[in-house]
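Chain residues, written in single-letter form:
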Amino acid sequence: MSAIATQKLTLTVAGRVLVRALDWQAGAGECWSIVGRNGAGKSTLMRTLAGLRRPDAGSVTVQGRPLADWPLEELARQRAYLAQSRHDAFAYRALDTVLAARHPYHADRYWEGSDDHEAAMRALDAMQAAHLAMRDVRTLSGGERQRVAIAALLAQDTPLLLLDEPANALDLAHQVQAMSLLARLCRDQGKTVIAIGHDLNLAYAVSTHALLLGDDSGDGGWFAGPASEAMQPARLSQVLGHPIEAIEHGGRRIFIPQEFQHE
Amino acid sequence: MHAAPQARRQRAFVIVGALLLAALASLLVAGMTGSVALHVAELPDALDQLLHGRQDSLAASLLALRAGRALVAFVSGGALALAGVMMQALLRNPLADPYVLGISAGASVGALLALLLMCAAVTVDASALVGAVAVSMLLYLLARRDLRGGVAAEGGASQLLLTGVILSSACMALVTLMLSIAPEGQLRSMVFWMIGDLAGASPRLLPWLVLGGGLAYALRNARAMNVAALHADAAATLGIRVGALRKGLFLVSGLLTASSVTSAGAIGFVGLIVPHACRFAFGPDHRVLVPSAVLAGGGFLVLCDTLARTVVAPVQLPVGAITALIGAPVFLYQLHRLRA
């Protein structure tokens, strides 16, 4: 059974159709990249998949069960969601934010147990952020905060992970580290990862599949398929609105945007 | 390096225990201080008489008067501080206070109208409650979208905040209007009501029930408040019923505010400064913050009220003036420590 699927899903924002009749599914062990230009509806789709926004038409199912039929707490043990940005109003410590992600496992208890602390520290460690555990989140740099947020996602320990630009604000080393970690979760633990990313090379290196949103028609077109098929230079050029070339190098496919012709 | 779960629990018990003792100490101080000071040695006997429903000695009568007033101060302060914590979590803004949404302004309109018409004290209280409830309901109707959560636009409860601020200004305009047409004789009591005054407050059971209920609700939802304060709408992906939580926080903090304002007038700064100071000292975790804010808020207002009736005795100051005089500099200090 597919981990997550959409049936004739249509998303409309301010009268504009972003995604039209999306029939798509992602199974266990698959790592999907969502690619599209600004305003193509990537984040809107992600929020809809996470259940934070109602579909304008069609439906989303997790393990064959419509989102609306899931009790929130049970669903929170199935899928985790990383928002594109966050605003920290209060001086929580990084460890507190990761511990909060354990909420769906024992909402009825007042205090977390020592197993939650272990899970939280393991997650921080996996994101190379264990040394940040006792820091006030408001004092962290953008990249450090992002790593702590991804650690919280890991601590939630769900089979399905939805990430809105996980590589956001990360330096090169941590981008590669974080994306490889996600790819490993798919490969070794059979998790399903859906991530939005703007770095085509990174996306191609770690994803098994890609979902392209938008095309020249501007009418909610989309294309979904295995990465090697979906991420063809011609198709990407059309979707991103800029000519892109690809070269094969050491068994990897590298995408290069064509330079502007100065006249 | 990091606090183990047992250590966290112990820390919470130590904090709440210490604040409980401090709150009792504040009540003791309030009972002993005044135009005629009571000695510690007189207290057990006086307390014993009170518990048996007698007031034979002067000490017992004084204690009865002072304890009654101190208990009203405690329940009002505790309610305001708890309402402040909830409002700050609801709006995800540490600078919010229970009055920011105009609930106290609504109560002021009701109370001042009753004072203008020279109604009895009971009518003034009831009228204040009606004003507070009316503003809450209007707010609820206008800002339903924000309170629903989940499908609301990103950015949380901005519509609620703006609507509240505007409603508050509208109510204050009505207040100004009433003050300008009020006869000289009524003016003093009206101004005192608005600043917040405990002189005429009588001890009643209802505010304690409201505070008890509010505290139970807040403790039950302390973890959910943490998650919602961190993630706003996205808290739903961690299993929080964001809409229900927002509605609950709004209703319960509104009730607490209305209950406090009704019995003690619009005392400022307690709902802002006490949650702020507790968060500063003990951290933002609502599991510790909620009980500590209630105890600290209660104790703080008891001490402020003791000060208000003794500092320039026999003249009694409105307690709201004292809380503002202490609160403003403390708040500024904290704000600049944060920015530093």
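Quick note: structure is the one above.
Read on for a plain summary of the structure. (Residues numbered from 1 in each chain as written. Chains lettered and ligands numbered in written order. Predicted model: local features only at pLDDT ≥ 70, side-chain atom pairs only at ≥ 80, totals over all residues.)

**Thoughts on the overall build of chain B**
Inference 1: A count of helical and extended segments in chain B gives 14 helices and 0 strands.
Inference 2: Going from N to C terminus, chain B has its helices and strands arranged as α-α-α-α-α-α-α-α-α-α-α-α-α-α.
Inference 3: Relative to the 2.2 N^0.38 estimate, which gives 20 Å for 340 residues, the radius of gyration of chain B is 20 Å and therefore close to what a compact globule would have.
Inference 4: Referenced to the eigenvectors of the C-alpha coordinate spread, the extents of chain B come out at roughly 65 × 60 × 40 Å. (Helix = DSSP H or I, 4+ residues; strand = E, 2+ residues; numbered from the N terminus. Rg over C-alpha atoms; globule rule 2.2 N^0.38 Å.)

**Observations regarding the pairing of strand E3 (residues 31–35) of chain A**
Residues and elements named next belong to chain A.
Inference 1: Most of E3 sits inside the fold, with 5 of its 5 residues counted as buried.
Inference 2: Here E3 runs beside strand E8 (residues 192–196); their pairing, made up of 4 bridges, is parallel. Across the sheet, the residue bridging to cysteine 31 is valine 193, located in E8.
Inference 3: Note that E3 and strand E9 (residues 209–213) share 4 bridges and pair parallel. Each bridged residue has a counterpart across the sheet, and for serine 33 the counterpart in E9 is alanine 210. (Buried ≥ 20, exposed ≤ 12 C-beta atoms within 10 Å, placed from the backbone. Pairing = 2+ DSSP bridges.)

**A short note on helix H13 (residues 286–310) of chain B**
Inference 1: End to end, H13 of chain B covers 35 Å across 25 residues, agreeing with the expected 36 Å (1.5 Å per residue, within 8%).
Inference 2: The buried fraction of H13 of chain B is high, at 22 of 25 residues. (Expected span 1.5 Å × (residues − 1).)

**Describing helix H11 (residues 242–264) of chain B**
Each α-helix winds once per 3.6 residues, and so residues spaced three or four apart point in a common direction.
Inference 1: Look at H11 of chain B: 32 Å from first C-alpha to last across 23 residues, which is about the 33 Å you get at 1.5 Å a residue.
Inference 2: The buried count for H11 of chain B comes to 19 of 23 residues, which makes it a mostly enclosed element.

**A few points about the interface of chain A and chain B**
Inference 1: Every contact between the two is made by 31 residues of chain A and, on the other side, 25 residues of chain B.
Inference 2: Those elements that place two or more of their residues in the side of chain A that touches chain B are helix H2 (72–76), strand E6 (79–82), helix H3 (94–100) and helix H4 (114–126) of chain A.
Inference 3: Here the side of chain A that touches chain B takes 4 residues from H3 of chain A, the largest share from any one element.
Inference 4: Each residue belonging to the side of chain A that touches chain B can be placed in one class, and the counts come to 20 nonpolar, 6 polar and 5 charged. (Contact = placed C-beta atoms within 7 Å. Nonpolar A, V, L, I, M, F, W, Y, C, P; charged D, E, K, R; others polar.)

**A few points about the packing of helix H2 (residues 43–51) of chain B against helix H3 (residues 58–91) of chain B**
Residues and elements named next belong to chain B.
Inference 1: Put simply, H2 and H3 touch, their axes get as near as 8 Å, and they point 70° apart. Classed by the angle they form, the pair H2 and H3 counts as roughly perpendicular. For the pair H2 and H3, the crossing hand works out as right-handed. Seen from H2, the contacting residues are Ala46, Leu47, Gln49 and Leu50; seen from H3, they are Ala59, Ala60, Leu63 and Ala64.
Inference 2: Residues of the contact of H2 with H3, tallied by class, amount to 7 nonpolar, 1 polar and no charged. (Axes fitted to C-alpha atoms, helices over the stretch in contact; angles between N-to-C directions. Parallel < 35°, antiparallel > 145°, perpendicular 65-115°, else oblique. Left-handed = near helix turned anticlockwise from the far one by under 90°.)

**Structural notes on the sheet that holds strand E4 (residues 57–62) of chain A**
Residues and elements named next belong to chain A.
Inference 1: Spatial strand order, E2-E1-E4-E5: 4 strands in an open sheet with antiparallel pairing. This sheet does not close on itself; its edge strands, each paired only once, are strand E2 (16–26) and strand E5 (65–66).
Inference 2: Note that strand E1 (residues 4–13) and E4 share 5 bridges and pair antiparallel. Across the sheet, threonine 6 pairs through a bridge with valine 60, a residue of E4.
Inference 3: Helix H1 (residues 42–50) rests against E1, E2 and E4 of the sheet, and its axis sits at about 130° to E1.

**Details of the pairing of strand E7 (residues 160–163) of chain A**
Residues and elements named next belong to chain A.
Inference 1: The alternating pattern of E7 places Leu160 and Leu162 on one face and Leu161 and Leu163 on the opposite face, and all of these are buried.
Inference 2: Bridge analysis of E6 against E7 gives 4 bridges, and the strand direction is parallel. Residue pairing in the sheet places alanine 80 in a bridge with leucine 161 of E7.
Inference 3: Judged from the 4 bridges that link them, E7 and E8 form a sheet pairing that is parallel.

**Observations concerning the environment of leucine 80 of chain B**
All names here are of chain B.
Inference 1: Looking at the secondary structure, you find leucine 80 in helix H3.
Inference 2: Taking the C-beta count within 10 Å as the criterion, leucine 80 has 40 such neighbours and is therefore assigned buried.
Inference 3: If near-sequence neighbours (up to four positions away) are discounted, leucine 80 is found in contact with Pro98, Ser260, Ile267, Val270, Gly271 and Gly297.

**Observations concerning the environment of glycine 213 of chain B**
Residue and element names in this part refer to chain B.
Inference 1: For glycine 213, the location among the structural elements is in helix H9 (residues 206–220).
Inference 2: Given 14 C-beta atoms within 10 Å, glycine 213 falls into the partly exposed group.
Inference 3: C-alpha separation for the pair glycine 213 and valine 252, spaced 39 residues apart in sequence, amounts to 8.6 Å.

**Remarks on the sheet that holds E7 of chain A**
All names here are of chain A.
Inference 1: The sheet built from 6 strands is open, its strands ordered E6-E7-E8-E3-E9-E10 with mixed pairing. One side of each edge strand has no neighbouring strand; the edge strands of this open sheet are E6 and strand E10 (222–226). Pairwise comparison of adjacent strand axes, ignoring direction, gives a mean angle of 15° for this sheet.
Inference 2: Looking at chain direction, E9 and E10 are connected through 5 bridges and run antiparallel. Within E10, the position partnered with leucine 213 by the bridge is tryptophan 222.
Inference 3: Most of the contacts of helix H5 (residues 142–156) go to E6, to which it runs at about 175°, and overall it touches E6 and E7.
Inference 4: Sitting on the sheet, helix H6 (residues 172–189) is in contact with E3 and E8, with an inclination near 155° to E8.

**Some points on the packing of H3 of chain B against H9 of chain B**
Two packed helices can be described by the angle between their axes and the distance between those axes.
Residue and element names in this part refer to chain B.
Inference 1: Running from N to C, H3 and H9 cross one another at 30°; their axes reach a closest spacing of 10 Å. The angle between H3 and H9 places the two elements in the roughly parallel class. In the packing of H3 onto H9, the handedness of the crossing is left-handed. Counted together, Val75, Ser76, Gly78, Ala79, Leu82 and Met86 of H3 and Pro207, Trp208, Val210, Leu211, Gly214, Leu215 and Ala218 of H9 form the full contact between these two elements.
Inference 2: By residue class, the composition of the contact of H3 with H9 is 10 nonpolar, 3 polar and no charged.

**Details of the nonpolar core**
Inference 1: Formed by 183 residues in total, the largest nonpolar core has its most connected members in Val98, Ala151 and Leu162 of chain A together with Leu82, Met86, Ala228 and Ala293 of chain B.
Inference 2: Top contributing element to this core by residue count: H3 of chain B, with 16 residues.
Inference 3: With near-sequence residues (within four places) excluded, valine 98 of chain A lies in contact with Ala120, Ala123, Leu124, Val148, Ala151, Ala152 and Ala155 of chain A.
Inference 4: Counting 5 residues, the second largest nonpolar core, distinct from the first, contains Ala46, Ala59, Leu62 and Leu63 of chain B. (Core = buried A, V, L, I, M, F, W, Y, C linked by C-beta atoms within 7 Å.)

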